[in-house]
Protein chains: 4
Amino acid sequence: MVIVMNVGATAAEISAVIARVTETGFRAHLVEGEERTIIGVIGDDRKAADPELFNLMAGVDHVMRVSKPYKLASREFHPKDTIVPLNGTGVGGKKLAVIAGPCSVESRTQILEAAHAVKEAGATALRGGAFKPRSSPYSFQGHGEAGLELLAEARAETGLPIVTEVMEPGLVPLVVKYADVLQIGARNMQNYALLHAVGESQHPVLLKRGMMSTVEELLMAAEYVLSHGNGRVMLCERGIRTFETSTRNTFDINAIPVLKQRSHLPVIADPSHATGKWELVNSAARAAVAAGADGLIIEVHPNPEEAWSDGAQSLRPETFAKLVREIRRVAEAVDRTV
Amino acid sequence: MVIVMNVGATAAEISAVIARVTETGFRAHLVEGEERTIIGVIGDDRKAADPELFNLMAGVDHVMRVSKPYKLASREFHPKDTIVPLNGTGVGGKKLAVIAGPCSVESRTQILEAAHAVKEAGATALRGGAFKPRSSPYSFQGHGEAGLELLAEARAETGLPIVTEVMEPGLVPLVVKYADVLQIGARNMQNYALLHAVGESQHPVLLKRGMMSTVEELLMAAEYVLSHGNGRVMLCERGIRTFETSTRNTFDINAIPVLKQRSHLPVIADPSHATGKWELVNSAARAAVAAGADGLIIEVHPNPEEAWSDGAQSLRPETFAKLVREIRRVAEAVDRTV
Amino acid sequence: MVIVMNVGATAAEISAVIARVTETGFRAHLVEGEERTIIGVIGDDRKAADPELFNLMAGVDHVMRVSKPYKLASREFHPKDTIVPLNGTGVGGKKLAVIAGPCSVESRTQILEAAHAVKEAGATALRGGAFKPRSSPYSFQGHGEAGLELLAEARAETGLPIVTEVMEPGLVPLVVKYADVLQIGARNMQNYALLHAVGESQHPVLLKRGMMSTVEELLMAAEYVLSHGNGRVMLCERGIRTFETSTRNTFDINAIPVLKQRSHLPVIADPSHATGKWELVNSAARAAVAAGADGLIIEVHPNPEEAWSDGAQSLRPETFAKLVREIRRVAEAVDRTV
Amino acid sequence: MVIVMNVGATAAEISAVIARVTETGFRAHLVEGEERTIIGVIGDDRKAADPELFNLMAGVDHVMRVSKPYKLASREFHPKDTIVPLNGTGVGGKKLAVIAGPCSVESRTQILEAAHAVKEAGATALRGGAFKPRSSPYSFQGHGEAGLELLAEARAETGLPIVTEVMEPGLVPLVVKYADVLQIGARNMQNYALLHAVGESQHPVLLKRGMMSTVEELLMAAEYVLSHGNGRVMLCERGIRTFETSTRNTFDINAIPVLKQRSHLPVIADPSHATGKWELVNSAARAAVAAGADGLIIEVHPNPEEAWSDGAQSLRPETFAKLVREIRRVAEAVDRTV
């Protein structure tokens, strides 16, 4: 932490800051510049009291953090890539994960048809929502446990592991019984009670970036899960909210190499939500693979026009099959496999 | 809903869209323009299947909604202002609510001292967090039920009603026992399980806008609570996330008159979070009152330098007292009282 | 400037950075922390080579600036408020400036009618565009010099000084002949050739914040003008672009006290562009005055339904007269006058 | 254009709107819904008076545009890809353009060294700034015409065509004498006087998206140039400003397929500005190619640590050579060539 004093801060003000630094168990190191003095605070930023507090002291201009606020999620402290087990191989190595399926589990026919189709096209896991966060209370909210049972049946038939969302702490034990991976949705990225519960579960987690969250906040959310001893976390870039309205979200493709640089955790991209339009999904998926993603999660529906949710961004099975063929070529061009 | 066809859409494509509209229980009304055809869909947009689905049909350029997706929260359907009962008077009428207190309940001394101080300065309710959403798992997370008990004690001593946050559905019954108003924090604005639970509770709710949520999404979140028969909802503008970094958030002052125009629910402003810096809180509070807010929620701490959270944006009691005097003058200038 | 080294940076890397600091004419000051070393760079940040360059050196994690990049615009170096002369009194003192008039000069009748109406309602200057930046090449681009002549006629009749936009460096001499204040539009805030030209002109300048520019960038744009010896600059907050779509822009009300804190230059608010909807202008104007603005610039048109541009955000003369009465009350509540 | 009336709009209000539509030369088409009436306005939206005007009429809720505001830039009206001539082949076909070179022309040695290096690595054009838009008036502003002469020398030596920025209308004739492509920088995307001047020049244009501009606004800026009969326009996605701070800008990768879908103009990506960090440029460049970009513009400097500007995002020649090898593989995977 570095405390920047005002131009013209008095000796008494500087002394008071130094005294406060010392009181809180740190050491202060004075740097007198031409215009102003800065004070280096020696110790672990993460353990410090809110660094912002020094802002309140007379003569302080502003305070800057030096360290990243996450540690367990950080590559600095864990240089080696984490591989999260999934479907035999694992996510985070040379082979890309391809998670595909409908937004919601709608019916037995629909989910089984989707599961067989994505399996045949090359998917390595099945996605499908039994509990759905919907912005309108009047929209379909998911089939709940009945939906989980249908997912289990789809797994039994196809062998594909299941990725499905859990929305409240109280339901984690139920979802764990059916799911291979617990998905934390974008709206719940900072639902700390939920992060706590999935951390405790020790189950693999797919953590989606909030549409309003920075890369650092995503890593802090991962830190929550990791701090409960659950290291099996996959990060997911799914687009952020910006001023641009031609797509549902703005796909922050930069986040992929940034996350790979800062963290050892695998990074999955969600081109369906990142674009919101099925006709853009293929381009975005190819871009994600080229940028270094460790996998993709893609919405596929046997019949998008009939989908109960997210139809506009869902691929038909044959379009998805084409996408898999195309990303395979791109993957090879960056020394990965599908 | 209006479906805009492509320039050059064929008669067959137009017919197919009309057939689909009819199938889903609506009536189609054709408007043939010079360049292209548009199709008005007659019926309640809110009941329709995802309007985006028509985007998938051949020949469709895009689809535009006509109606607002919320109804119970809408002034269009409920022209008269809602008054939420609080501390005798109620929020939403001529008299402004002034909710004040520390970010977190830290100790008995701290909360009692804060409660007496804000009461004396003119506050009409006490805020204070017993359950704290913190972006770091290593930060103080609140005292939980012990904190609620201290709040109850502060109420007993001062007579001020209590506004405090609830973060998970399972804890709603506990918090209801102590709190006069349940606060839903910005990070939980779209935590639907929680909205459901506070809706069911029939307890007054202070619903904070998500830092990256639109006004419409805030009203949709309110609709969730209202749809459970709980009409006692206060909306809270607390700043949004933008590219600007000189303040913690960007205070969307426009949202105050927009919410008052679109909804009958009272609107509270939170100048502490909206600025993140105590020295800006007074200006922002005056602006909120001048713009038409029905109340303020403000962080006050007996000793901000010692605060366990949000110290940088907390006012000292004497600064808060000055603020109350100043907003009283502004309130009178817009025919309100404090 | 502070250079933060990686955890585990080697002594050789640290030495190389220190050598580089010294080479570029600065002094390096080492602070060895528990986890990592940081290096304070002593000297004027503004004179330094791009501080980002150190980022490229082996072992460097990141670089943080200490000083603000502007100096002439800074209150730190010029504590006293600047008063820009306008219409006898001046802008930046106790009395608020009220600049009003139509978006564009459309006709002799229109501008004279508008000028008389705003004068009568209490305006202290007349605005009106002769050169119009329009996002479509097919829209009305302004009457050019003929428009300036009509503005001069309006000034002759009413005595109101003229505020009008200049869009290209080559036209500055022409506009200076007619205008009392040169307005730099939001889209041109970083048109450096234009800033240079208005700086050279020594004419008063109203500098509008770019819709996606930070407060710091606005101050840097002012620094451009000031660096040419022209100190008569008024800053203008006119709303920024965010994800919110219920208003044309998001009025960054926080920017008003932030600018007053960081700079000695007067701050004008533009509630017309900041909201984009006439029915919100009054609330936003009151908020701006309550937050500490030194003046307002407001679009008023004798007949908004017939306006050639910005009709939706223009007030009728009688609505403007009501606004002036209302802001007068708010101004008094914050010890200012209109 | 579609005019949406309020719930409960009166017959008189509806009639008044219809009358106004007819007056302005359009035809009105009434659609009576269950809740409210909407009015289709038949005619060319682009020719209409500001559609927002109808918002001012009694009983109108809001107005929605149906058509895109651009026409010459639109693929709807010009389905075939435009190929802009450059270096023999042209941009927009199967072969990707690779424009590379330093941010600024600093010296004869530097620009010649850079030119030879990028040529050898596979670049198809040379970039380099002689006029530099800098956010600080104290930063290096470019060598001006002397810089252009050095670029011409580099072209003479290497055969690479020159892409260089022009910042003011008065300098277009000068820059045209030296440059093969006139670059319009992000800050000038809505500098209409400049767009007019480069339109008139009939010279090829590289139009960079403003960091605050939507895809639609970029296409409107292109429309300005096209409307002067200059069809040789390349669009450039270079990152937008968002709340994310881990990179200099957020690379809007979605914009590439969106622009290709909406427009016939070639799309260039600028991974240097889109990331702001040299170590992310390679990932972003691969992603751009995979997403369908027609070319890249990349900052390369013989010695980034010594660069006078943008050093942190500039590649060394050998890193650039590696990038070209890698994007060649990705290009082949999407059936393009480098």
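Worth saying up front: this structure is predicted, and the values here are computed from it rather than measured.

A. Expanded view of the packing of helix α9 (residues 278–291) of chain A against helix α10 (residues 317–333) of chain A. Residue and element names in this part refer to chain A. Running from N to C, α9 and α10 cross one another at 25 degrees; their axes reach a closest spacing of 9 Å. Accordingly, the angle class assigned to the pair α9 and α10 is roughly parallel. Between α9 and α10 lies a crossing of right-handed hand. Touching Trp278, Val281, Asn282, Ala285, Arg286, Val289 and Ala290 of α9 are Thr319, Lys322, Leu323, Glu326, Ile327, Val330 and Ala331, all from α10. Grouping the constituent residues of the contact of α9 with α10 by class yields nine nonpolar, two polar and three charged.

B. A look at the nonpolar core. With 331 residues, the main nonpolar core has Phe320 of chain A, Phe320 of chain B, Phe320 of chain C together with Phe320 of chain D as its most contacted residues. Here Phe320 of chain B is in contact with Val98, Ala100, Val118, Ala121, Ala123, Ile298, Val300 and Leu315 of chain B, once residues within four sequence places are set aside.

C. Region of interest: the packing of aromatic side chains. All names here are of chain C. With the rule as written, the count across this model stands at eight aromatic pairs over all chains. A centroid spacing of 4.5 Å and a plane angle of 20 degrees characterise the contact between Tyr192 and Tyr224, whose relative ring orientation is stacked. One end of the pair, Tyr192, is in helix α5 (residues 192–201); the other, Tyr224, is in helix α6 (residues 215–226), and 32 residues separate them in sequence. Of the two residues, Tyr192 and Tyr224, neither departs from the other in class, the shared state being buried. The ring of Phe77 carries Lys71 above its face, with NZ or CZ at 4.8 Å from the centroid.

D. Main features of the interface of chain A and chain D. In this assembly, 40 residues from chain A lie in contact with 40 residues from chain D. For the pair chain A and chain D, the summed buried surface comes to about 2,900 Å²; carbon and sulfur atoms form 59% of the total. Notably, a salt bridge pairs Asp335 of chain D with Arg329 of chain A, separated by 2.9 Å at the nearest N-O pair. Counting every contact that joins chain A to chain D gives 17 residue pairs in polar contact (both at pLDDT 80 or more). Breaking the side of chain A that touches chain D down by element, the ones donating at least two residues are α7 (255–262), α8 (271–275), α9 and α10 of chain A. Considering each element in turn, the side of chain A that touches chain D owes the most residues, eight residues, to α9 of chain A. Along the lines of polarity and charge, the residues of the side of chain A that touches chain D split into 18 nonpolar, 11 polar and 11 charged.

E. Spatial organisation of the sheet that holds strand β3 (residues 37–42) of chain D. All names here are of chain D. Spatial ordering of the open sheet is given by β2-β3-β1-β4, a layout of four strands whose pairing is antiparallel. A single partner strand is all that each edge strand has here, and the edge strands are β2 (27–32) and β4 (60–64). Taken over all neighbouring pairs, the strand axes of this sheet differ in orientation by 20 degrees on average, direction set aside. Pairing geometry for strand β1 (residues 2–5) and β4, over four bridges, is antiparallel. Note that in β4 the partner of Val4 across the bridge is His62.

F. Structural context of the relation of the copies chain D and chain B. Its rotation angle being 180 degrees, the transformation that places chain D on chain B also includes 0.0 Å of axial translation and leaves an RMSD of 0.1 Å. Both chain copies can therefore be described as sitting about a two-fold axis. Of the C-alpha atoms belonging to chain D, the one lying closest to the rotation axis is found on Phe243 of chain D, 2.3 Å away. Interface residue correspondence from chain D to chain B reaches 100%, placing this contact among same-surface, isologous pairings.

G. Here's a closer look at helix α9 (residues 278–291) of chain C. Residue and element names in this part refer to chain C. Here α9 is 14 residues long and its end C-alpha atoms lie 20 Å apart, about the 20 Å a rise of 1.5 Å per residue gives. Burial of α9 is extensive: 12 of the 14 residues sit out of reach of the surface. Buried within α9 are the following residues: Leu280, Val281, Asn282, Ser283, Ala284, Ala285, Arg286, Ala287, Ala288, Val289, Ala290 and Ala291. Of the residues flanking the end of α9, it is Gly292, one or two places downstream, whose phi is positive at about 110 degrees.

H. Highlighting the domain arrangement of chain A. Entries for chain A in the domain assignment read domain 1 (2–64) and domain 2 (84–333). Computed from C-alpha atoms alone, the centre-to-centre distance between domain 1 of chain A and domain 2 of chain A is 44 Å.

About the thresholds
- Residues numbered from 1 in each chain as written.
- Chains lettered and ligands numbered in written order.
- Predicted model: local features only at pLDDT ≥ 70, side-chain atom pairs only at ≥ 80, totals over all residues.
- Heavy atoms only, no water.
- Axes fitted to C-alpha atoms, helices over the stretch in contact; angles between N-to-C directions.
- Helix = DSSP H or I, 4+ residues; strand = E, 2+ residues; numbered from the N terminus.
- Parallel < 35°, antiparallel > 145°, perpendicular 65-115°, else oblique.
- Left-handed = near helix turned anticlockwise from the far one by under 90°.
- Contact = heavy atoms within 4.5 Å.
- Nonpolar A, V, L, I, M, F, W, Y, C, P; charged D, E, K, R; others polar.
- Core = buried A, V, L, I, M, F, W, Y, C linked by side-chain atoms within 4.5 Å.
- Buried < 20%, exposed > 50% of the residue type's maximum accessible area, 1.4 Å probe, protein only.
- Phe/Tyr/Trp six-rings, centres within 6.5 Å; stacked < 30°, edge-to-face > 60°.
- Lys NZ or Arg CZ within 6 Å of the ring centre and 35° of its normal.
- Buried area = accessible area lost by both parts, 1.4 Å probe.
- Salt bridge = Lys/Arg side-chain N within 4 Å of Asp/Glu carboxyl O.
- Polar contact = N/O pair within 3.5 Å; in protein donor to acceptor, adjacent residues only side chain to side chain.
- Pairing = 2+ DSSP bridges.
- Least-squares fit on C-alpha atoms with pLDDT ≥ 70 in both.
- Expected span 1.5 Å × (residues − 1).
- Domains from an automatic or database assignment.

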